[in-house]
Amino acid sequence: MLLLNATLTVRAATPGSHQKKGWEEFTDAVIRQVSAGRPHVVFILWGAYAQKKEELIDARKHLILKAAHPSPYSADRGFFGSKPFSQANAWLTKHNETPIAW
């Protein structure tokens, strides 16, 4: 399991403050490498910003789940009840992969 934000740092209490400072190039490369590296990876894209990364993922061999970001500012707009962990494990099991002990 890899948890990865598109931007890896932020100024305290200032969401998005370190966007467009180079982190996106690095994290996009990581996403491309994981997508190309092996089959049956589950990508969980939380929030509109993360969902823009869908174009970097080969959806023919991976599962892409999307929902609102789980932050206190937006979790009630689609994160609650989205069941990403059980969906991920069901898909992994279907593809003979080991489910994750979340």
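All of these numbers come straight from a predicted model, not from anything done at the bench.

Calculation notes
- Residues numbered from 1 in each chain as written.
- Predicted model: local features only at pLDDT ≥ 70, side-chain atom pairs only at ≥ 80, totals over all residues.
- Heavy atoms only, no water.
- Helix = DSSP H or I, 4+ residues; strand = E, 2+ residues; numbered from the N terminus.
- Contact = heavy atoms within 4.5 Å.
- Buried < 20%, exposed > 50% of the residue type's maximum accessible area, 1.4 Å probe, protein only.
- Lys, Arg positive; Asp, Glu negative; His and termini not counted.
- Salt bridge = Lys/Arg side-chain N within 4 Å of Asp/Glu carboxyl O.
- Polar contact = N/O pair within 3.5 Å; in protein donor to acceptor, adjacent residues only side chain to side chain.

Caption draft 1: How the structure looks around the environment of N89. Turning to its location among the elements, N89 is positioned in helix α3 (residues 84-94). For the pair N89 and A29, spaced 60 residues apart in sequence, the C-alpha to C-alpha distance is 25 Å. Filtering out sequence-adjacent residues up to four positions away, N89 remains in contact with P99, I100 and W102.

Caption draft 2: Looking closely at unusual backbone geometry. The residue A13 is not glycine, and still its phi comes out positive at about 65°. A relative accessible area of 81% means that A13 is categorised as exposed. Even without a glycine there, the phi angle at K20 is positive, about 60°. When you line up the elements, K20 lands in the segment before α1 (23-37).

Caption draft 3: Examining the side chain of E24 more closely. Structurally, the position occupied by E24 is in helix α1. No salt bridge is formed by the buried E24, whose closest oppositely charged neighbour, K53, lies at an N-O distance of 6.4 Å. Here Y49 takes part through its side chain, which lies 3.0 Å from a polar atom of the side chain of E24. Residues within four places of E24 in sequence aside, it is in contact with A6, T7, Q19, Y49 and K53.

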